[in-house]
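Spelled out, the chains give:
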Amino acid sequence: MVYYAAMAKKKNLPDYILRRTSRRRSVAIMVLPDGTLEVRAPKRVSIGFIETFLQERLEWIKQKQKERETRPQLPKRTWLDGDVFYINGVPHTLVVKESSRISVEVADGELILFQTDPTNATRARHNLMQWYKDQALHDFKPRLARLANAMEEKVPNLEITNAKQRWGSCQAKKRMVRLSVRLLMAPKDVQDYVIVHELAHLKHMDHSRAFWDRVATFCRHYKAMEEKLSHNAQLWRFD
């Protein structure tokens, strides 16, 4: 990964992060949730080509970065009382209580974490993240099976990850679907869309028209789900 700042400024281009990979066949640009511009390109493509590519898409980039600025933001976490965490699209206020046994309860808009030291933010983060991972696996595994059956696919293996940028990923050859733990923060219809999206990659490891047609067959409103993910990306996160 290379961060281009000074060079970009000389050409009146925004700063950007460049990621090169031998797996890509074309140049793609992304505006990340924090507004950072990321370029993904094949190793053989020159910087000149990339910056011409950016120049031609400046208006689109500015529009997307402006949209990011207007999207809801989550205050910096303390991992103690008062932090807000989403579960299935619903906000819950964190309450940390003292107990000799680590456990989590969800009730009346509160996410109650019990641990030995209620003032230890590091332990609270560890304990809460573990609960989220366990809950995500518990919730997503049967739905992955249900949706795979509906799509007439053999049920793939499931792994819950800490991914911060990707909601999910798929390795067709290994029959593996990976879902980010933060997906548990999104509403269930959005979660199902992401699962359908990754299952569709078992047949189409790209984003071709055939891929989107397959997604649309099992999630007609996938564009609305994409917009929800994009709009709320900064709310549905841990850090």
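The rules behind these values
- Residues numbered from 1 in each chain as written.
- Predicted model: local features only at pLDDT ≥ 70, side-chain atom pairs only at ≥ 80, totals over all residues.
- Heavy atoms only, no water.
- Axes fitted to C-alpha atoms, helices over the stretch in contact; angles between N-to-C directions.
- Helix = DSSP H or I, 4+ residues; strand = E, 2+ residues; numbered from the N terminus.
- Parallel < 35°, antiparallel > 145°, perpendicular 65-115°, else oblique.
- Left-handed = near helix turned anticlockwise from the far one by under 90°.
- Contact = heavy atoms within 4.5 Å.
- Nonpolar A, V, L, I, M, F, W, Y, C, P; charged D, E, K, R; others polar.
- Polar contact = N/O pair within 3.5 Å; in protein donor to acceptor, adjacent residues only side chain to side chain.
- Pairing = 2+ DSSP bridges.
- Expected span 1.5 Å × (residues − 1).
- Bend = angle between axes of the 7 residues up to and from the residue.
- Buried < 20%, exposed > 50% of the residue type's maximum accessible area, 1.4 Å probe, protein only.
- Phe/Tyr/Trp six-rings, centres within 6.5 Å; stacked < 30°, edge-to-face > 60°.
- Lys NZ or Arg CZ within 6 Å of the ring centre and 35° of its normal.

Participant: If you had to explain the packing of helix α4 (residues 121–150) against helix α5 (residues 188–200) to someone new, which residues and values would you point to?
Facilitator: Helix-helix packing is characterised by the crossing angle of the two axes and by the distance between the axes. Contact geometry for α4 and α5: axes closest at 10 Å, N-to-C directions at 55°. Between α4 and α5, the interaxial angle falls into the category oblique. In this structure, the crossing between α4 and α5 has a hand that is right-handed. In this structure, α4 contributes F140, R143, L144, R146, L147 and A148 to the contact, and α5 contributes K188, Q191, D192, I195, V196 and L199. In the contact of α4 with α5, the residues fall into seven nonpolar, one polar and four charged.

Participant: Please set out the side chain of S180 residue by residue, giving values where relevant.
Facilitator: Following the sequence through the fold, S180 ends up in strand β11 (residues 176–180). Among the polar contacts made by the side chain of S180, one reaches the main-chain carbonyl oxygen of A163 at a distance of 2.8 Å. Excluding anything up to four places from it in sequence, S180 contacts F140, T161, A163, R166 and W167.

Participant: Please provide a residue-by-residue account of the sheet that holds strand β10 (residues 168–171), values included.
Facilitator: The strand order across the open sheet formed by three strands is β9-β11-β10, and the pairing between neighbours is mixed. A single partner strand is all that each edge strand has here, and the edge strands are β9 (157–161) and β10. Taken pair by pair, the neighbouring strands of this sheet meet at an average axis angle of 20°, ignoring direction. For β9 and β11, the ladder comprises five bridges, and the chain directions are parallel. By the bridge assignment, T161 is partnered in β11 with S180. The strands touched by α4 within the sheet are β9 and β11, with β9 carrying the most contacts at an inclination of about 150°.

Participant: Describe in detail α4, supporting the description with residues and values.
Facilitator: Compared with an ideal rise of 1.5 Å per residue, which puts 30 residues at 44 Å, α4 spans 42 Å between its outermost C-alpha atoms and is within 8% of the ideal. At F140, α4 is bent by approximately 25°, the largest bend along its length, and proline P142 sits one to four residues beyond. At the N-terminal end of α4, a side-chain oxygen is found 3.1 Å from the backbone nitrogen of T122, two or three residues along, and the residue is N120. Two residues or fewer after α4 comes E152, characterised by a positive phi angle close to 55°.

Participant: Lay out the pairing of strand β8 (residues 110–115) in plain terms, naming residues and giving numbers.
Facilitator: With five of its six residues buried, β8 lies for the most part within the structure. Pairing analysis gives six bridges linking strand β6 (residues 90–98) to β8, with the strands arranged parallel. Following the sheet pairing, K97 is matched in β8 by F114. What sits between strand β7 (residues 103–107) and β8 in their antiparallel hairpin is a turn of two residues, with D108 showing a positive phi close to 50°.

Participant: Lay out the packing of aromatic side chains with the relevant residues and their values.
Facilitator: Tallied over the entire structure, the rule returns nine aromatic pairs. Their ring planes at 50° and their centres at 5.2 Å tell us that W79 and F85 sit as a pair that is tilted. Consider the rings of W79 and F238, whose centres lie 6.4 Å apart with planes at 15°: the pair is stacked. Of the two residues, W79 is situated in the loop between α3 (58–70) and β5 (84–87) and F238 in the segment after α7 (222–231); the sequence distance between them amounts to 159 residues. Accessibility expressed as a relative area gives 6% for W79, which makes it buried. Judged by relative accessible area, which is 7%, F238 ranks as buried. Ring pairing ties together the aromatic residues W79, F85, W131, Y132 and F238, which thus form one cluster. Just above the ring of F85 sits the side chain of R77; from NZ or CZ to the centre is 3.7 Å. A cation over a ring is seen here: R182 above W167, with NZ or CZ 3.7 Å from the ring centre.

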